[in-house]
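# Examining the three-dimensional arrangement
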Amino acid sequence: MSVVPMQKVRFVIHQDDVDAALTIIQHAGAFEIQEPEESVDTVESEFPHAQLLPRVQHAVAFLDQYAPEVGLWQKLREGSFTELSESEIQNRLDNIDVIASVVADLEDLQVEFADKNEITRTLEEAQQVLTEWKALPLALAELKTASSITWLLKSKQRDTDLKKDLSAALEDSAPVIITEISGAQVAVTFYNDETTEAAIREVVKSLDCDVVTLPQGKEAPDVELVAVEEELAKARGEQALLHDQAEHFAITHLKNLHIVGEILTWQRDRFSTIESAAATKSTAVFVGWLNQNKRTEIEAQFKTKEIAAVCTDAEVSEGEEPPVEIENSNLMQPFEVVTRLYGMPGYRDLDPTVFLAGFFFLFFGLSLTDVGYGVFLMTVSVIILTLFKVPPVVKTFAKLLMFMGLASALVGLLFGGYLGIDPEVLPDSLKAIQMFDPIGDPLPVFYLALGLGVFQVMVGMVLKIYSEARNKRLLEGVLDQGPWLIMFCLGILYLATTTGYSAFLTLDQIVNLIYVGIALIVLASGRKGDTVLQKAQSAALSLYDSIGYFSDILSYSRLLALGLATTALAFAVNLIAEIVSGSVPYLGPVLAIVVLIIGHLFTLAVNTLGAFIHSARLQFVEFFGKFISGTGRQFNPLSRTEKYVTVKKE
């Protein structure tokens with residue numbers, strides 16, 4: 001429920017135990033290793049499967065295209081990853097020779113595929129050429145002899161009499177024999193000498209013709225074509241057999257190859273990390289940032305597995321900032337999605353997740369304001385969490401979706417939002433729950449949005465004071481935020497007195513206190529600056545902050561606009577469906593149902609996206625800026641990517 005405490009530490013590990021120790025560290029995902037600042041001796045290490053891993057990855061890429069088609073529902077139900085214990089992972093590594101054998105067989109299959117593909121390509125080209133020549137009643141052996149050559153010419157223009165044009169062009173040239181195959185295709189036979197060939201080539205070029213490639217063979221083109229087609233059919237049959245073998249490999253081995261490939265990737269990452277370690281005669285030294293909460297666990301595992309390693313504190317360089325990671329309870333953890341979209345807070349800042357959760361929940365509900373849409377979102381979330389096997393990150397977002405749906409449903413009850421249905425036709429029990437009418441009377445919703453804005457801005461100020469106190473700057477926090485908090489309280493009291501909700505003070509007394517508040521703001525801000533002129537300037541500019549606060553509060557009016565948009569669009573969909581139902585004979589009710597389903601799904605998608613974006617924006621701009629000084633560097637520890645493998649506890 002806070003920014004994770006980080007320690008800069010030094011792991012000193014005996015060289016015989018480096019991989020075992022790094023395996024524990026990698027599994028914990030709690031240590032970010034730094035590159036040595038100076039040139040030092042490094043540990044000599046060689047990834048034992050440096051040759052096998054790329055072969056496995058290549059085999060996976062090859063088999064992925066032959067994997068059997070799996071329906072979306074089945075894919076979601078079965079998931080793309082496998083749960084394995086540490087002992088099962090080690091067993092895969094111990095039996096790596098089996099995988100190497102499978103990969104070798106696959107490589108042989110790929111070579112056969114390449115050979116057959118080349119043969120098929122060559123035969124297809126021959127088939128295409130012979131198809132062009134098959135109408136010529138000459139043996140291929142006669143097409144090019146010592147005395148004559150025959151060319152097949154094909155005009156690029158469709159509507160042409162190529163024989164006529166060619167005869168006219170060659171009338172004064174060397175004697176030729178022209179055989180017409182079609183209007184745009186002719187065969188030309190001429191003497192086999194360079195002069196004649198050059199002359200005919202010039203004519204062919206001027207007539208915009210192509211010379212069809214001379215096919216291989218001796219028999220007539222139609223005879224050769226039959227032979228080529230038979231060979232092509234045979235080659236394609238052999239290709240089909242190889243395709244079947246590849247599909248069998250995919251069904252039998254692809255999943256295991258995915259798993260082993262990821263396990264080997266973990267091992268490769270460990271060995272590449274070893275390269276950044278400083279070396280002594282018998283030890284490897286790793287320096288970096290450690291999640292303090294995991295230190296005891298890591299050291300205990302070292303002891304349990306009898307690994308010769310020790311963890312000591314390391315010196316933090318001047319100006320060096322720790323990386324940032326956040327942890328929250330299971331209830332708050334889904335809202336980390338919002339925080340991480342913004343970026344990590346500074347290491348000395350508060351983790352805003354627990355503070356934004358309630359506001360984001362409420363603001364999203366005010367933006368969607370519909371019971372039906374909320375129930376739909378919750379239903380989708382429950383389906384994902386209970387029926388589908390999805391990665392942890394998807395589960396986290398599904399939990400957030402559950403909260404978003406619940407917020408929309410609860411606020412929808414108060415706003416009378418039921419898929420755009422007119423509140424007047426609702427049962428009396430539902431009417432009794434409704435407190436706001438955003439369409440008929442939007443002003444109360446507007447005041448509610450602004451009131452929530454004032455409250456969140458004030459909470460941000462209080463959190464800033466608390467954050468400064470944690471960093472031993474309580475006085476600065478109070479002087480910077482205290483006067484403005486007083487001004488906000490006085491403003492609220494002024495409105496309450498004006499509207500008759502409070503008689504604690506008279507308006508004149510409140511106005512006098514406001515003058516005192518302004519003076520406090522000026523005096524508190526005037527402490528900043530080295531010279532009298534700078535202090536005066538700082539004091540004067542401090543009042544300009546009031547415009548920023550006013551602008552921040554007005555930003556919350558977007559909650560009214562989004563709520564109105566949801567209600568109006570839902571009502572419009574119902575109206576269109578009603579018109580369609582009454583205007584189209586017989587099919588009207590069916591079309592109306594289609595309009596309702598498509599229209600409400602579209603409205604739900606658009607407004608859910610808008611509600612999420614704008615609710616998050618209010619946190620990022622109007623709230624976080626009040627107490628977060630800046631973003632920190634994301635913690636990037638040595639860890640395991642779990643795309644195909646999820647490690648389970650034994």
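Above this note sits the structure.
Okay, the side chain of E325 next. Tracing the backbone through its elements, the reader meets E325 in the loop between β11 (309-313) and β12 (326-327). Under the relative-accessibility criterion, E325 is labelled buried at 16%. Of the polar contacts made by the side chain of E325, one reaches the side chain of R340; its length is 2.9 Å.

The strand order β6-β7-β5-β8 describes an open sheet built from four strands, whose pairing is antiparallel. Each edge of the sheet is formed by a strand with only one pairing partner; in this case those strands are β6 (176-182) and β8 (209-212). Averaged over all pairs of adjacent strands, the angle between strand axes in this sheet comes to 30 degrees, irrespective of strand direction. Relative to strand β7 (residues 185-191), β6 runs antiparallel, the two being bridged by six bridges. Paired with T179 across the strands is A187, a residue of β7. Relative to the sheet, helix α5 (residues 96-133) contacts β5 (148-155), β7 and β8, its axis offset from that of β5 by approximately 95 degrees. The strands touched by helix α7 (residues 194-206) within the sheet are β5, β6, β7 and β8, with β5 carrying the most contacts at an inclination of about 5 degrees.

In terms of residue burial, strand β10 (residues 283-291) counts as a mostly covered element, since eight of its nine residues are buried. Bridge analysis of strand β2 (residues 6-14) against β10 gives nine bridges, and the strand direction is antiparallel. The residue bridging Q7 from the neighbouring strand is L290, located in β10. Of the pairings in the sheet, the one linking strand β3 (residues 31-33) to β10 comprises three bridges and is antiparallel in character. Note that in β10 the partner of I33 across the bridge is G288. As defined by bridge partners, strand β9 (residues 278-279) adjoins β10 across two bridges and the pair is classed as antiparallel. Across the sheet, the residue bridging to A278 is V285, located in β10.

Here the focus is the environment of N95. Mapped onto the secondary structure, N95 falls in the loop between α4 (86-94) and α5. In this structure N95 comes out as partly exposed when scored by relative accessible area, which is 38%. Considering only alpha carbons, one finds N95 and E124, 29 residues apart in sequence, at a separation of 44 Å.

Moving on: the side chain of D370. When you line up the elements, D370 lands in the loop between α11 (353-368) and α12 (371-387). It is K431 that comes nearest to the buried, bridge-free D370 among opposite-charge side chains, at 17 Å. A distance of 3.0 Å separates the side chain of D370 from the backbone nitrogen of Y373, its partner in a polar contact. Leaving out residues up to four positions away in the same chain, D370 has contacts with S408, A409, G412, G417, Y418, L419, G420 and T566.

Within an α-helix, residues lying three or four positions from one another point in the same direction, as the helix has 3.6 residues per turn. A rise of 1.5 Å per residue sets the reference length of α7, with its 13 residues, at 18 Å; its end C-alpha atoms lie 18 Å apart and thus fit the reference within 8%. Among all positions in α7, only T196, I200, V203 and V204 are buried. Along the axis of α7, the buried residues cluster in a sector spanning 100 degrees; they form a single face. Turned more than 90 degrees from where α7 packs its buried face, E194, T195, E202, K205 and S206 sit exposed. The inward-facing, buried residues of α7 abut β5, α6 (162-169), β6, β7 and β8. Phi turns positive one or two residues past the end of α7, at D208, with a value near 60 degrees.

Under the criterion given, the structure shown has 19 salt bridges. Close ionic contact of R295 with E299 constitutes a salt bridge, the shortest N to O distance being 3.4 Å. Note that R295 and E299 are positioned in helix α9 (residues 295-304) at a spacing of four residues, about one turn of the helix. Judged by its relative accessible area of 16%, R295 is buried. In this structure E299 comes out as partly exposed when scored by relative accessible area, which is 31%.

Reading guide: rules and limits
- Residues numbered from 1 in each chain as written.
- Predicted model: local features only at pLDDT ≥ 70, side-chain atom pairs only at ≥ 80, totals over all residues.
- Heavy atoms only, no water.
- Helix = DSSP H or I, 4+ residues; strand = E, 2+ residues; numbered from the N terminus.
- Buried < 20%, exposed > 50% of the residue type's maximum accessible area, 1.4 Å probe, protein only.
- Polar contact = N/O pair within 3.5 Å; in protein donor to acceptor, adjacent residues only side chain to side chain.
- Pairing = 2+ DSSP bridges.
- Axes fitted to C-alpha atoms, helices over the stretch in contact; angles between N-to-C directions.
- Contact = heavy atoms within 4.5 Å.
- Lys, Arg positive; Asp, Glu negative; His and termini not counted.
- Salt bridge = Lys/Arg side-chain N within 4 Å of Asp/Glu carboxyl O.
- Expected span 1.5 Å × (residues − 1).
- Arc of directions from axis to C-beta.

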